[in-house]
Amino acid sequence: MEAPLVVGVDGSEPSMRAVDWAVDEAALRGAELRLVYASLWGRYEGASLAGDLDKPSEEVLAQDIVEAAERRAHGRRTGVKVTTDVQAEEPEYALVRESRTASAVVLGSRGRSGLIEALLGSVSVTVAGHAHCPVIVLRGGHEHRVRPGARRIVLGIGEQPAGTAAVRFAVEEARLHGVPLEAVRAWRCPARDRVDPPVPAGEFSAELSRVLVQGTAPQLHERRAAEELAIALRGVPDDVETHLRTAEGHARGVLLDTSADAGLLVVGARRRDGHRFGLQLGRVAHAVLHHSTCPVAVVPQQS
C-alpha cells in the first residue's frame, strides 16, 4: 500500500467535498485516507470550557469535525481505511509537515474565512507552495470528479526535461482513471520576431536564410514548442492515451481555458535547493490555483 492521502478538513463544505474526492482517489490507489484538522485552539483556552471535559471549546469542535469527515468518507467508500488526527498548530505548518510522508495532500479551495484567505493568501496556496508531495486543490463549486471515459487529465508543460515529477503524476492519474492525458505547451512569438528582418545588400544573412527555409518566426516558435512537448512526453506507456497540443498565448491563460472541461489540471513547480521556504510557486501555478474551473494538482519538482 502506498503512502496515505492526506486531507485538510475544517468543517466547511469545500473541505467535505475534498474528502469525497480523496476517498475515491484512495480507493483507486489502494491507499489509506488520513483526515487532519489543525488549529491553534490553545490561544482561546480559558475563554470557555466544554462541560466537564476540561478542554478548550474549539478542541471539542475539532473532534466533531474530523468525526463527521470520517463518517462521510466511510459512507462513500466502505473499503478504504480512514484515520484522523487533530493538531494544535497552524494548518499551513501541520499540512506541510504531513506532506513529508503523504502521497498527496488534498484541500478545498476555501475554508471558513474565504474572504480573508483571498486577500491575505489562502491555506491551499501556502501549502501548495511548500509541500513535499503533490497538492491537489479542489475549486469551489466544481463537482470534483474525474469520470472514466468522460473527461481528461490536462498537463501543463513548461521548460522542463522529460520524466519530471509532474509528467509522472499526470500519467499515473490518467491510467488510474482510465481517461486520456492531454499535454499542453503554450508558446509566444515576441513582437520583434514578427517583423521581417532587413535583407542585406547582395546576399541573405544566415539567420534570414534559415527563417526562409524553415518557415516564419511564429512557425519556428510553434515548432520548438511541439518539439519540447514531444520530448517531455517521451517514454509515456502505450496504455495511456496521450494527446499533444501547442497553443499560442500566455501559459496561464491557455491552461485556464483548457481547465473549463478538464477533470484535473496538473502543473509542476520548482523546488529551489537550499531555500528555507522550499517550493516557490510561479505565476502560472499561482494563477491556476486561484482561477481554474477544475481541480488543480501542483507537483513539486527538484531543480
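For the structure itself, consult the block above.
My aim in this report is to walk through the structure given alongside it, one point at a time. (Residues numbered from 1 in each chain as written. Predicted model: local features only at pLDDT ≥ 70, side-chain atom pairs only at ≥ 80, totals over all residues. Heavy atoms only, no water.)

All right, on to the pattern of salt bridges then. Overall, the coordinates contain 17 salt bridges when judged by the stated rule. A salt bridge links Arg 175 to Asp 239; the nearest nitrogen and oxygen atoms lie 3.1 Å apart. A residue pair is termed long-range when its members are at least 10 positions apart, and Arg 175 in helix α6 (residues 165-177) and Asp 239 in the loop between α9 (217-232) and β8 (242-248) qualify at 64 residues. By relative accessible area, Arg 175 is classed as partly exposed at 33%. Connected through shared salt-bridge partners, Glu 2, Glu 25, Arg 29 and Glu 173 make up one network. (Salt bridge = Lys/Arg side-chain N within 4 Å of Asp/Glu carboxyl O. Helix = DSSP H or I, 4+ residues; strand = E, 2+ residues; numbered from the N terminus. Buried < 20%, exposed > 50% of the residue type's maximum accessible area, 1.4 Å probe, protein only.)

The subject of this paragraph is the environment of Gly 268. By secondary structure assignment, the location of Gly 268 is in strand β9 (residues 264-271). It is 9.1 Å that separates the C-alpha atoms of Gly 268 and Leu 281, two residues lying 13 residues apart in sequence. When near neighbours in sequence (up to four residues on either side) are disregarded, Gly 268 contacts Ala 166 and Val 299. (Contact = heavy atoms within 4.5 Å.)

With 13 residues, α6 extends 18 Å between its outermost C-alpha atoms, agreeing within 8% with the 18 Å of an ideal straight helix rising 1.5 Å per residue. Buried within α6 we find Ala 165, Ala 166, Val 167, Phe 169, Ala 170, Val 171, Glu 173, Ala 174 and His 177. Among the residues trailing α6, Gly 178 stands out with phi positive, at a value near 65°. (Expected span 1.5 Å × (residues − 1).)

Counting through the fold element by element, His 74 comes out in helix α2 (residues 57-76). By relative accessible area, which is 32% here, His 74 ends up partly exposed. With residues up to four places along the chain from it excluded, the contact list for His 74 reads Val 80 and Val 82.

It is the contact of helix α10 (residues 251-258) with helix α11 (residues 283-291), at a shortest axis distance of 9 Å, that shows an interaxial angle of 30°. Considering their axes alone, α10 and α11 lie roughly parallel with respect to each other. Our pair here, α10 against α11, has a crossing hand that is right-handed. Contacts from Ala 251, Arg 252, Leu 255 and Leu 256 of α10 reach α11 at Arg 283, Val 284, Ala 287, Val 288 and His 291. Looking at the contact of α10 with α11 residue by residue, the class counts come to 6 nonpolar, 1 polar and 2 charged. (Axes fitted to C-alpha atoms, helices over the stretch in contact; angles between N-to-C directions. Parallel < 35°, antiparallel > 145°, perpendicular 65-115°, else oblique. Left-handed = near helix turned anticlockwise from the far one by under 90°. Nonpolar A, V, L, I, M, F, W, Y, C, P; charged D, E, K, R; others polar.)

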